[in-house]
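What follows is each chain in one-letter form.
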Amino acid sequence: MTGEVTREEFGRLPGGEAVELFTLRNAAGVEVRVAGFGGVVVSLRVPDRDGRPGDVVLGYDDLAGYVGDDAYLGALIGRYGNRIARGRFTLDGREYQLPVNNGPNHLHGGPRGFHKAVWRAEPLPSTEGAGVALAYTSPDGEEGYPGTLEVRVTYRLTEASELVVDYAATTDAPTHVNLTQHSYFNLTADPTRSVLEHEVELAADHLTPVDDTLIPTGEIAPVEGTPFDFRRPTPIGERVDAPHPQLAHAGGYDHNLVLRGEAGELKLAARVREPGSGRVLELYTTEPGVQFYSGNFLDGSIVGKGGARYGHRSGFCLEPQHFPDSPNRLAFPSTVLRPGERYASRSVYRFGVE
Ligand code: GAL
């Protein structure tokens with residue numbers, strides 16, 4: 001059996017515009033629901049080692065939850081994943097000022113970033129598998145960024161229980177682009193539990209240390225001998241509260257890890273195992289980095305699906321991306337996109353049990 005896609009109305013925005021919800025299923029019992037608003041992954045049901053399905057992402061029961069959300073639950077992020085220092089950059093001699101929405105800095109594309117956009121959404125042709133294609137035209141000047149950006153993101157669920165996310169973009173003027181996906185995972189499928197027992201392995205020998213506003217200092221530091229060394233599987237909770245200045249800046253893990261391997265090549269970035277359920281998540285990406293965030297800002301104030309309160313560290317994020325503040329760091333891999341070029345990036349979330 002090949003996978004299937006169904007569509008229904010998710011809800012209506014305050015202005016009356018209808019937003020659709022797409023459900024992708026495969027024969028292995030995996031089910032992914034994606035909304036046209038924010039390109040959000042609303043739910044992701046995967047079986048545990050006994051074949052019992054459970055929803056492994058945080059989110060809301062209805063569209064209004066996503067409209068009001070300020071934690072980026074499940075959303076597509078653009079134009080720029082993570083922070084740009086003071087919301088400023090200079091490109092080809094011109095200075096740009098973006099909205100400052102996180103302390104002194106710009107975060108996740110601004111308050112009206114792609115996570116709040118209504119995307120044009122269609123099921124993928126069945127020859128391409130069970131999937132949904134999302135398109136958005138970001139006008140020149142939106143959230144301060146130059147150039148009209150045409151963005152296309154597809155979510156595809158394979159029979160091997162991989163959620164394949166492909167990102168593409170073109171522009172009519174030089175700009176910066178760094179798209180990512182902001183799902184919070186809890187592989188226990190019980191978000192009233194913390195993620196501290198999840199065992200994480202990261203294919204990273206280095207991180208980009210940050211200042212106390214979470215902007216990279218420019219240094220590429222070895223993980224060796226620090227709580228950021230996840231080269232062997234280690235429970236998140238084992239060192240998350242260790243006395244380390246980098247952990248103190250962020251209240252836990254909230255850092256960009258520099259992935260091993262060639263930029264542009266699809267490579268294993270992370271492997272996470274939840275011992276209780278046996279669920280395993282592997283992340284592959286063409287991106288040079290991954291933001292590992294241990295849900296430190298979750299404080300129980302969000303009421304999510306089924307009325308659950310999302311407490312401290314009840315979800316973790318793995319955001320495949322270019323490094324934070326790259327527009328101001330010429331030594332980091334470039335995020336510049338120019339007319340005639342095509343931005344392309346792929347990330348694969350593969351689910352299994354052990
Ligand atoms: C992460 C970011 C965190 C926090 C979170 C949303 O990507 O690194 O610092 O802003 O998003 O609450």
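A quick note: this is a predicted structure, and the numbers were derived from the prediction, not measured. Numbering of residues begins from 1 in every chain and follows the order in which that chain's sequence is written. Under the rules for a predicted model, residues below a pLDDT of 70 receive no local features and side-chain atom pairs below 80 are neither given nor counted, while totals for whole chains, interfaces and linings still include all residues. In computing side-chain properties, one takes all heavy atoms of the structure into account and sets aside hydrogens as well as water.

### What about the pairing of strand S21 (residues 254-259)?
Spelled out, the test is: Working definition: with a 1.4 Å probe on protein chains only, accessible area under 20% of the residue-type maximum means buried, over 50% means exposed, and in between means partly exposed. For the purposes of this entry, the term helix denotes a DSSP run of H or I that reaches at least four residues, the term strand denotes a run of E that reaches at least two, and both are numbered from the N terminus. Strands qualify as paired when DSSP identifies two bridges or more between them.
Counting buried positions along S21 yields 6 of 6 residues, so the element is predominantly enclosed. Where burial is concerned, the two faces of S21 agree: the one with Asp254, Asn256 and Val258 and the one with His255, Leu257 and Leu259 are both buried. Pairing geometry for strand S18 (residues 204-208) and S21, over 4 bridges, is antiparallel. Opposite Leu207, over in S21, you have Leu257 as the bridge partner. Here S21 pairs with strand S24 (residues 289-293) via 5 bridges, running antiparallel.

### Structural notes on the layout of surface pockets
Here is the rule we go by: Points on a 1 Å grid, built from protein atoms alone, make a cavity when a 1.4 Å probe fits but cannot get out and make a pocket when they are open with protein on both sides within 12 Å along at least 5 of 7 lines; residues with an atom within 4 Å of a point are the lining residues. Grid points are joined across faces, edges and corners, and a volume is the space filled by probe spheres set on the points. For this classification, the nonpolar set comprises Ala, Val, Leu, Ile, Met, Phe, Trp, Tyr, Cys and Pro, the charged set comprises Asp, Glu, Lys and Arg, and every other residue, Gly included, is treated as polar.
Taken as a whole, the largest pocket encloses approximately 460 Å³ of empty space. Looking at the largest pocket, it is lined by 27 residues, and the ones nearest its centre are Arg83, Asn102, Leu107, Tyr293 and Phe297. Across the lining of the largest pocket, the residue classes break down as 10 nonpolar, 11 polar and 6 charged.

### Things to note about the sheet that holds strand S19 (residues 221-222)
The antiparallel open sheet is built from 5 strands, whose spatial order is S19-S18-S21-S24-S27. Of all strands in the sheet, those with a lone pairing partner are S19 and strand S27 (317-321), marking the two edges. As defined by bridge partners, S24 adjoins S27 across 5 bridges and the pair is classed as antiparallel. Across the sheet, residue Phe292 finds its bridge partner in S27, namely Leu318.

### Here's the deal with the site of the ligand
The following threshold applies: Residues are labelled near a given molecule or strand when at least one of their non-hydrogen atoms is within 4 Å of it. Counted as a polar contact is a pair of N or O atoms within 3.5 Å, where, for protein atoms, one must be capable of donating a hydrogen and the other of accepting one, and residues adjacent in sequence contribute only when both atoms are in side chains. Computed by Shrake-Rupley with a 1.4 Å probe, the accessible areas treat only the displayed protein chains as cover when residues are assessed. Should more than half of a molecule's atoms lie within 2 Å of a pocket's or cavity's grid points, that molecule is taken to sit in it.
Taken together, 13 residues lie around the ligand, and Arg83, His108, His182, Asp254 and Glu319 are the ones closest in. Residue Asn82 places a side-chain N or O atom 3.2 Å away from an oxygen atom belonging to the ligand. Interatomic distance of 2.7 Å between a side-chain N/O atom of Arg83 and an oxygen atom of the ligand. Here the ligand loses 95% of its free accessible area of 300 Å² to cover by the protein chains. One can see that the ligand is located within the largest pocket. Class assignment of the residues belonging to the shell around the ligand gives a composition of 6 nonpolar, 4 polar and 3 charged.

### Quick word on the pairing of S27
Most of S27 is tucked away: 5 of the 5 residues are buried. Burial of the side chains of S27 extends over both faces: Cys317, Glu319 and Gln321 are buried on one face and Leu318 and Pro320 on the other.

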